[in-house]
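Survey of secondary and tertiary structure
These are the residues of each chain, in order.
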Amino acid sequence: MSDEPPRLSAEAVALLLEVLDLEEPFLNGAVAEMSPGPVGMLRASGLLVPHGHEIVSASLSDHDDAPVTLIRSEKAGGLACFSPSGGLIAVPAARLVRYRVEIANTLAAVANDLALPSTRLLRPLIDGLLWEIGDARLGKRPARVQTWFARRLWHAAVRAQVSAALLARPYPRDVIILCSSRAARLREVTLPGTILVPIRDVLAAADSLAVSGEILDARMRGVAVAAAPGPLDLSPDGTRLRIHGGEPIVFRSDDHIEAIRKLVNGFYAGRRVPIRELTDHGTLHRHFGGVKWKLLKPYLTSAKGAWGFDL
C-alpha cells in the first residue's frame, strides 16, 4: 500500500484556505454539495472532518435561501422541512453534516517542506486563531526561523490578540507568520517583529498545501517575485515552449529555434510574421515537420501570408 497522501487539486487548496479565513472554520453540507470534488479530496486527506449537524436548512422547493426549521418525520424517513408549495420535504442527511478544518493535519501539510525538528510539537498560542509551527530551516541560514500560523489576521480584534502573544513570547529575530488570508486583505497589516506571509504566495504548487522553503527563504531575503508567464512561455535558450502552461514543445535545430523566437516575439509585440522571415520552405508545416506542426497548428493562424499565434 502506498504511503503517499491523497492528491489535492488547486480548487481544493483554494477552498480550504477560504474556509480557514471564515469566522469559524466550518463548512456546511449544502456548500459541500456545490464542490463535491474538492470537498471529497479534503476529506480523503483528513483536512476536513465531520463536526456535528445543522439544525436548520434552506428550503429545497421554494427557491428561497431563508432558513427553515427541521422536524423529524417517519414519513420522510428522517429530517424534513415544510414547504407551503410542496408540503413535507425530506432533507438529505448529507446536506446537514457540518465539516471543520482539521488544523493539526492542515499545518502538518503546510510545514512539510520546512525541515522542522523531528521533536517539534504544534503549539496553540491563541485558541482557534494562532499556532506555533516550529523552527524552520530555510536556505543556508545559520539559524532556524521561528514560524507561526494565523487565521484572519486582517481582523483588528485578532491582530490585537496576536500582538499580545508576541509580547508574551519575544524572539531575538523576526517571526514568520504564515497567514490563511489573501495578500489583498493583509496589505495594510503590520506587526512589529514579524514577517507576514500569505500562504498562497509561497506554496510549492497550486495543488499542494506545502509551503516551499526555497520560496519562503527568497521572500525573507527580499527577492522580487518573478512575473507570471504569459500564455506563451519560451525558455531563454528558445528550446522549450509552453502554451497556456501545457507540456513543453521541444526545439533542437537552430532554424526551429529562430522561427519560434520570431513568432513568440511577434505575439507579444502584436504583429504577425511574414512567412519569408520564418522559413525558405514556403510553409510552416514543411519547416517544422509533421510532429512539431501537429503540436503548433492549433494555435497558429495565417493572414495575408503572415503568421502568428492566435490565443
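Residues numbered from 1 in each chain as written. Predicted model: local features only at pLDDT ≥ 70, side-chain atom pairs only at ≥ 80, totals over all residues. Heavy atoms only, no water.

**Observations concerning the overall build of the protein**
The cut-off we apply is this: In this text, helices come from DSSP runs of H or I with a minimum length of four residues, and strands from runs of E with a minimum of two, each type numbered from the N-terminal end. Exposure classes here rest on a 1.4 Å probe applied to the protein chains alone. A residue is buried below 20% of its type maximum, exposed above 50%, and partly exposed in between. By the convention used here, residues are in contact when the closest approach between their heavy atoms is within 4.5 Å. Each accessible area is a Shrake-Rupley result for a 1.4 Å probe, and residues are judged covered by the shown protein chains and nothing else.
Counting its secondary structure elements, the protein contains 10 helices and 19 strands. By the burial criterion, 39% of the 311 residues in the protein qualify as buried. Sequence separation of 24 or more characterises 53% of the internal contacts of the protein that already satisfy a separation of 6 or more. Counting every atom, the protein has about 17,800 Å² of accessible surface; 53% of that belongs to carbon and sulfur.

**Quick look at the sheet that holds strand 10 (residues 130–136)**
As a reminder, the rule being used: Two strands are counted as paired when DSSP detects at least two bridges linking them. Every angle, taken between N-to-C directions, lies between 0 and 180 degrees, and every axis is a line fitted to C-alpha atoms, over only the stretch in contact when it is a helix.
Strands sit in the order 9-10-11-12-13 across an open sheet of five strands; the sheet is mixed. Of all the strands in the sheet, the pair left with one neighbour each is strand 9 (123–126) and strand 13 (194–198). Geometrically, the sheet is characterised by an average inter-axis angle of 30° between neighbouring strands, direction not taken into account. Looking at chain direction, strand 11 (residues 145–150) and strand 12 (residues 175–179) are connected through four bridges and run parallel. When the bridges of strand 12 are listed, T147 appears paired with I176. Across the sheet, helix 6 (residues 156–168) lies against strand 9, strand 10, strand 11, strand 12 and strand 13, angled at about 120° from strand 9, the strand it touches most. In the packing of helix 7 (residues 213–220) onto the sheet, the strands contacted are strand 11, strand 12 and strand 13, and the crossing angle to strand 13 comes to about 130°.

**Examining the pattern of salt bridges**
Close approach of charged atoms allows side chains with opposite charge to pair. Condition: Each reported salt bridge corresponds to a side-chain nitrogen of Lys or Arg within 4 Å of a carboxyl oxygen of Asp or Glu.
This model, assessed by the stated rule, comprises nine salt bridges. The partner of R219 in a salt bridge is D201, and the shortest N-O contact between them spans 3.4 Å. Here the residue R219 occupies a position in helix 7, and D201 occupies one in the loop between strand 13 and helix 7, the gap between them amounting to 18 residues. Its relative accessible area of 30% is what places R219 among the partly exposed residues.

**Some thoughts on the confidence of the model for the protein**
For clarity, the threshold we go by: Confidence scores here are pLDDT values: one per residue, from the predictor, ranging 0 to 100.
Summarising the model, the protein shows a mean pLDDT of 81, and 79% of its residues fall at 70 or more. Long-range and interchain partners of residues 55–66, a stretch whose pLDDT sits below 50, account for 32 contacts in this model, where long-range means more than four residues apart.

**Notes on the packing of helix 1 (residues 10–20) against helix 3 (residues 36–44)**
Rules: Our angle categories are set so that under 35 degrees counts as roughly parallel, over 145 as roughly antiparallel, 65 to 115 as roughly perpendicular, and the remainder as oblique. In the scheme used here, Gly and all other residues not listed as nonpolar or charged are polar, with Ala, Val, Leu, Ile, Met, Phe, Trp, Tyr, Cys and Pro taken as nonpolar and Asp, Glu, Lys and Arg as charged.
In contact at an axis separation of 8 Å, helix 1 and helix 3 are set at 75° when each is read in the N-to-C sense. It follows from the interaxial angle that helix 1 and helix 3 lie roughly perpendicular. Residues E11, A12, L15 and L16 of helix 1 touch helix 3, and the partners they reach there are P38, V39, M41 and L42. Across the contact of helix 1 with helix 3, the residue classes break down as seven nonpolar, no polar and one charged.

**Some remarks on the side chain of R151**
Using the following cut-off: Asp and Glu are treated as the negative residues and Lys and Arg as the positive ones, with His and the ends of the chain left uncounted. Pairs of N or O atoms are called polar contacts if they sit within 3.5 Å, as long as, within protein, a hydrogen donor faces a hydrogen acceptor (for residues adjacent in sequence, only side-chain-to-side-chain pairs).
Position of R151 relative to the elements: it lies in the loop between strand 11 and helix 6. E24 provides the closest opposite charge to the buried, salt-bridge-free R151, at an N-O distance of 5.2 Å. Of the polar contacts made by the side chain of R151, one reaches the backbone oxygen of G128; its length is 2.9 Å. Excluding residues that lie within four positions of it along the chain, R151 makes contacts with L20, D21, L22, E23, P25, G128, L129, W131, V158 and S180.

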